[in-house]
Amino acid sequence: MSVLEAFDIYRFYHAGEEETLALRGVSIHVEAGEMVAVQGPSGSGKSTLLACLSGLDEPDGGYVTVLGERITRRPEAERAAVRARKIGIMLQSGNLFDHLSVEDNVRLQMLLAGRVNHLRLDELIDLVGLNHRRHARPAHISGGEAARAALAVALAAEPKVLLADEPTGEVDAETEKQILQLLDAYRKNGGAILVVTHSNAVAAYANRTLHLFDGRIVDHA
Ligand code: ADP
């Protein structure tokens, strides 16, 4: 059984007369211990795919399962519960609550998953190298620190799946290296990662790269 499985996902958007076919029959599977990169030009459907995989959006066709549990076609509250327990999400922005410290952002994610583990909280903050910034609010940390804090939040509840949208998009080469090492450690621990990225360094780290074009997986970009 794949950790993450998407079968024949379709997603259409309607704006007045216009219909956009954002995803046209996308099937994906990610196994435990595997990192899959998704690349594609702007508008190819990458963000829509991530939203459908995480249950933040409902596809118009097809289904998504996480460890065999369906996340699609369920009420929002149930999707949110599956997400909190099983899926870590790192988006390009909006990962941290501005009014909470780094530490409290991580703790909140643990609370949402129903388990606060103080030992893990300390370990995680240490792992992402933010011990000295744990009481700082997001407005007072650098872009690289914010990216590492976002990764700590995504991994807080020990999810089986990590979905990441350009996790190294806004960071320098050194932070990119650190983030890749953290992703590698998570993968070696049996985590499954799907990462949308323009970065060739990230894609080179992945076990496989999928190319999305015009809402479909294609053989090559
Ligand atoms: P990418 O992340 O690869 O840039 P997106 O998933 O954002 O691609 O978009 C895929 C297509 O769907 C694009 O043509 C985009 O304009 C369209 N689209 C995305 N979100 C919406 C929306 N909320 N309403 C209408 N069209 C959308």
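As a starting point, this report considers the structure included with it. (Residues numbered from 1 in each chain as written. Predicted model: local features only at pLDDT ≥ 70, side-chain atom pairs only at ≥ 80, totals over all residues. Heavy atoms only, no water.)

## Section: the sheet that holds strand 6 (residues 87-90)
Here's step 1: Judged by pairing direction, the sheet is mixed, and its 6 strands sit side by side in the order 6-7-8-3-9-10 without closing on themselves. Lying at the two open borders of the sheet, with one neighbouring strand each, are strand 6 and strand 10 (216-218). The mean inter-strand angle of the sheet, taken between neighbouring strand axes irrespective of direction, is 25°.
Here's step 2: Pairing analysis gives 4 bridges linking strand 3 (residues 35-39) to strand 8 (residues 192-196), with the strands arranged parallel. Counted as the bridge partner of Ala37 is Val195 from strand 8.
Here's step 3: With respect to the sheet, helix 1 (residues 46-54) is in contact with strand 3, strand 6, strand 7 (161-165), strand 8 and strand 9 (208-213), its orientation differing from that of strand 7 by roughly 155°.
Here's step 4: Here helix 2 (residues 76-86) sits on the sheet and contacts strand 6 and strand 7; the angle it forms with strand 6, its principal contact strand, is near 85°. (Pairing = 2+ DSSP bridges. Helix = DSSP H or I, 4+ residues; strand = E, 2+ residues; numbered from the N terminus. Axes fitted to C-alpha atoms, helices over the stretch in contact; angles between N-to-C directions. Contact = heavy atoms within 4.5 Å.)

## Focus on the packing of helix 3 (residues 102-112) against helix 5 (residues 143-155)
Here's step 1: Where helix 3 meets helix 5, the axes come as close as 8 Å, and the angle between the chain directions of the two elements is 25°. Here helix 5 runs roughly parallel to helix 3, going by the angle between their axes. Judged by the sense of rotation from one axis to the other, the crossing of helix 3 with helix 5 is right-handed. Residues Val102, Asn105, Val106 and Gln109 of helix 3 form the contact with helix 5, whose own contacting residues are Ala149, Ala152 and Val153.
Here's step 2: Taken together, the residues of the contact of helix 3 with helix 5 sort by class into 5 nonpolar, 2 polar and no charged. (Parallel < 35°, antiparallel > 145°, perpendicular 65-115°, else oblique. Left-handed = near helix turned anticlockwise from the far one by under 90°. Nonpolar A, V, L, I, M, F, W, Y, C, P; charged D, E, K, R; others polar.)

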